[in-house]
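One letter stands for each residue in the lines below.
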2 protein chains.
Amino acid sequence: MKTIEKSTPCELCMSRKFSLFANLSEPHLCHLSDHKNFITHKKGQILFYEGTKPLGVFCINDGVVKVYKTASNGKEQIIRLAKKGDFLGYASLLGEESYSNSATIVEDAKICFVPRESFLKVLAEDTEFHRRVTKALCHDLGIMEDKLTDATQKSIRERLAFTLLKLSETYGIDGNAGEKIDIVLTREEIAGLVGTATETVIRLLSEFKKDELIDFEGKKILVLDKRGLARLSDFYG
Amino acid sequence: MKTIEKSTPCELCMSRKFSLFANLSEPHLCHLSDHKNFITHKKGQILFYEGTKPLGVFCINDGVVKVYKTASNGKEQIIRLAKKGDFLGYASLLGEESYSNSATIVEDAKICFVPRESFLKVLAEDTEFHRRVTKALCHDLGIMEDKLTDATQKSIRERLAFTLLKLSETYGIDGNAGEKIDIVLTREEIAGLVGTATETVIRLLSEFKKDELIDFEGKKILVLDKRGLARLSDFYG
DNA sequence: TGATTAATGTGATATTTGTCATGTAATCAA
DNA sequence: TTGATTACATGACAAATATCACATTAATCA
C-alpha cells in the first residue's frame, strides 16, 4: 500500500527548513536527494518495529507519526508524536542498537527515507550538523526526564490536562469556538500518550467537557479554557 | 566542605578506562589533566542544581551521585544513579540549556570537573570521541523510554522489584547470604528511584522480606531470590 | 551525654485508577 | 445495505496506592 512517487529534492524541500537538515551544504543536500526514497504512507501503516535494525532515518515531510513502545501488558506507551520536519529512528541508528520503539502513521504522511550510509556520510563530513544532532538528542533527553517525572509524580487528570495543552500548542488552529486540536487521535491513543487506561481517558474527557474546559467537534477536540487546563495540570510555565 | 587535592592525571586514571574518555589521545588527556579540578565530596553535598548553567562536565572517579528532578509536589524523582566512570552534566552542556536536573552525592565521591572549553575542545578535535558521546546519548534515550513505559504501565510492586534487581546488578557484591547491594540508600531515595511514596516502599520492602526475596543487613539490602524478584517485576530478560 | 533531628515503621482511611462487563454508536468492507 | 468490526461510553467493583497521623528507632551534633 506504500506509494513511491517523484518527490521534491531536498534542496527545495520546505519542511526541511524546520528540521535538523536546515543548514546543510548544497552538495550534501544533493547527495541526500539522490539517495533518499520518498514514500506516501496511509494512516495505520507501520514504519518500523521495535527490535528490528535501523537501515536509515526517516524525515517527515508531512503527516503525523506516533512513536511508541509496547509494554508487557500489551498497551502502547506513546513516546512522542512526530510531525513535519521531525526525524525518526536516528537515535537507534546512532546508538548502533535495534529500534527501541515502533512507529506508526497517525495521519497520512509523506516521508523520506535516508539510508544509513548517506546519513552517516553527512554526519561525518559536516561537524556542524553532527553538533546539531547531538544538541537535539540532549534536548530530547531533558524532555524524557520531564515526562518520567510527570509520570511518577502527577495524577492522570493532571497529565491528561497537560497533554491536551501540549497538543493544542503543537497542533492547535484557532477557531471562533476555541482552539481546535487538528489531529484525529482515538481515545486509546490519547491514553497511550498519557499513560493510562482508555476508559479513564474517556471519563476524564467527559469531565473536562462538563467543566467547559474542552469541547468536541467531530473526532477533534476543542480547547476552550487553556488557563483552566493549566491550573488542572499543575503547570505554571 | 569541598576538598581540593592533588589528583591522578587523566592519563593514569583507572576509572577513565570505563568511561567516555577511554580512548582519548595522549595530548587530549594531558590537556584535560591540566585544566580539570579534582574535588572530594561528602555525602549530601550538592554538585549542581536544576536550572543553573553548566560550566563543564563532571567525571566520577569514585562514589555515587544521584541525578534527580524535583517535582512540583516536592518529591525527588531520581533519574539515575551515577558511579565511577560516569559523566554528569554533559547533556545539559551540549544541549546548551540549563541543567535539567540536580545532582547530589549519595556515597562520598571523588569527582573531576572538566571546564566547558576543555571538554568542547576535545569534542571538536576528536570526531571519534564525539561519536561515542552521541552514541551514549542515544543509548540513554532508549533507557529513558523504557523507564517511562515502566512508570506508566507497571505497578509500584513491579517497579520496586525491578529497581532492586538493577541495583544488585550494578552495586551487588556476592556474599554467603545472597547478593548485597553495596550502597546505602534511604527508603526515601528508593522511593525517588521507583517513583512512589516512602511509606509504600517501606511496606513493600517488608513484604519482600517476609516473602524471603530480600533481607536487610544494617542499612543495606541483601537480594536473596533474584528469580523471584524477576518474576514479580514482570521482567523476562 | 543528652537533646534534637532524621529515618523507619505501622495503622487507618480516602481516593484514584484499572478492570470487567455490557451497551450503543460509528465506521468499514463486501 | 448489511453485517462485522472498531470506537466510544458507562456502571460496578476491586485493588493499589497516597496521605495523614503517630510511634519508635537510629543517627547526629552541640
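Before reading further, recall that the structure is shown in the block above.
Computed from a predicted structure; not experimentally measured. (Residues numbered from 1 in each chain as written. Chains lettered and ligands numbered in written order. Predicted model: local features only at pLDDT ≥ 70, side-chain atom pairs only at ≥ 80, totals over all residues. Heavy atoms only, no water.)

Remarks on the packing of helix α1 (residues 26-35) of chain A against helix α3 (residues 116-125) of chain A
Residues and elements named next belong to chain A.
Link 1 in the chain: Contact geometry of α1 with α3 gives a least axis separation of 10 Å together with a crossing angle of 170 degrees. One element, α1, and the other, α3, form an angle in the roughly antiparallel class. Side by side, α1 and α3 meet where H28, H31, L32 and H35 of the first sit next to S118, K121, V122 and E125 of the second.
Link 2 in the chain: Classifying every residue of the contact of α1 with α3 gives two nonpolar, four polar and two charged. (Axes fitted to C-alpha atoms, helices over the stretch in contact; angles between N-to-C directions. Helix = DSSP H or I, 4+ residues; strand = E, 2+ residues; numbered from the N terminus. Parallel < 35°, antiparallel > 145°, perpendicular 65-115°, else oblique. Contact = heavy atoms within 4.5 Å. Nonpolar A, V, L, I, M, F, W, Y, C, P; charged D, E, K, R; others polar.)

Description of the side chain of Q77 of chain A
Link 1 in the chain: Within the secondary structure, Q77 of chain A sits in strand β5 (residues 76-82).
Link 2 in the chain: The exposure class assigned to Q77 of chain A is buried, which follows from its relative accessible area of 1%.
Link 3 in the chain: Polar side-chain contacts of Q77 of chain A include one of 2.6 Å to the side chain of T152 of chain B.
Link 4 in the chain: Engagement of the side chain of Q77 of chain A in a polar contact is seen with the side chain of Q153 of chain B, the distance being 3.5 Å.
Link 5 in the chain: The residues contacting Q77 of chain A, other than those within four sequence positions of it, are V67, Y68, K69, G192, L193 and G195 of chain A together with L148, T149, T152 and Q153 of chain B. (Buried < 20%, exposed > 50% of the residue type's maximum accessible area, 1.4 Å probe, protein only. Polar contact = N/O pair within 3.5 Å; in protein donor to acceptor, adjacent residues only side chain to side chain.)

Details of the sheet that holds strand β11 (residues 220-223) of chain A
Residues and elements named next belong to chain A.
Link 1 in the chain: Strand order in the open sheet made by the four strands is β8-β9-β11-β10, with antiparallel pairing throughout. Lying at the two open borders of the sheet, with one neighbouring strand each, are β8 (172-175) and β10 (214-217). Each strand axis lies, on average, 35 degrees off the axis of its neighbour in the sheet, ignoring direction.
Link 2 in the chain: Relative to strand β9 (residues 178-181), β8 is paired through four bridges, and the arrangement is antiparallel. By the bridge assignment for β9, G172 is matched with I181. (Pairing = 2+ DSSP bridges.)

Concerning the packing of aromatic side chains
Link 1 in the chain: For the structure shown, the criterion picks out 17 aromatic pairs over all chains.
Link 2 in the chain: Ring geometry for F21 of chain B versus F87 of chain B: centroids 4.5 Å apart, planes at 80 degrees, classification edge-to-face. With a gap of 66 residues between them, F21 of chain B in the loop between β1 (3-4) and α1 (26-35) and F87 of chain B in strand β6 (residues 87-88) connect regions that are remote in the sequence. In terms of burial, F21 of chain B and F87 of chain B fall into one category: buried.
Link 3 in the chain: Their ring planes at 50 degrees and their centres at 6.3 Å tell us that F21 of chain B and F119 of chain B sit as a pair that is tilted. Taken together, the residues span a long stretch of sequence, with F21 of chain B in the loop between β1 and α1 and F119 of chain B in helix α3 (residues 116-125) at a distance of 98 residues. A single burial state applies to F21 of chain B and to F119 of chain B, both of which are buried.
Link 4 in the chain: Here the aromatic cluster, defined as three or more aromatic residues joined through ring pairs, consists of F21, F87, Y90, F119 and F129 of chain A.
Link 5 in the chain: Taking the ring centre of Y68 of chain A as reference, the NZ or CZ of K66 of chain A above it sits at 5.4 Å.
Link 6 in the chain: In this structure, R187 of chain A packs its charged tip against the face of F216 of chain A, placed 4.9 Å from the ring centre. (Phe/Tyr/Trp six-rings, centres within 6.5 Å; stacked < 30°, edge-to-face > 60°. Lys NZ or Arg CZ within 6 Å of the ring centre and 35° of its normal.)

Points about the nonpolar core
Link 1 in the chain: Membership of the largest hydrophobic core comes to 86 residues, with the highest contact counts inside it found for Y90 and F119 of chain A together with Y90 and F119 of chain B.
Link 2 in the chain: When near neighbours in sequence (up to four residues on either side) are disregarded, F119 of chain A contacts F21, V57, F87, Y90, L93, L94, V114 and F129 of chain A. (Core = buried A, V, L, I, M, F, W, Y, C linked by side-chain atoms within 4.5 Å.)

Things to note about the protein's contact with DNA strand D
Link 1 in the chain: Taken together, 16 residues sit near DNA strand D, with R187 and R203 of chain A together with I156, T196 and T200 of chain B positioned nearest.
Link 2 in the chain: By atom count, sugar and phosphate contribute 59% of the portion of DNA strand D lying within 4 Å of the protein.
Link 3 in the chain: Contact distances for DNA strand D include 2.8 Å between a phosphate oxygen and a backbone N or O atom of R187 of chain A.
Link 4 in the chain: The contact in question runs from a phosphate oxygen of DNA strand D to an N or O atom on the side chain of T200 of chain B, over 2.6 Å.
Link 5 in the chain: Taken together, the elements giving at least two residues each to the surface near DNA strand D come down to α7 (198-210) of chain A together with α5 (156-171) and α7 (198-210) of chain B. (Near = heavy atom within 4 Å.)

The values reported here are purely geometric and, on their own, carry no functional implication.
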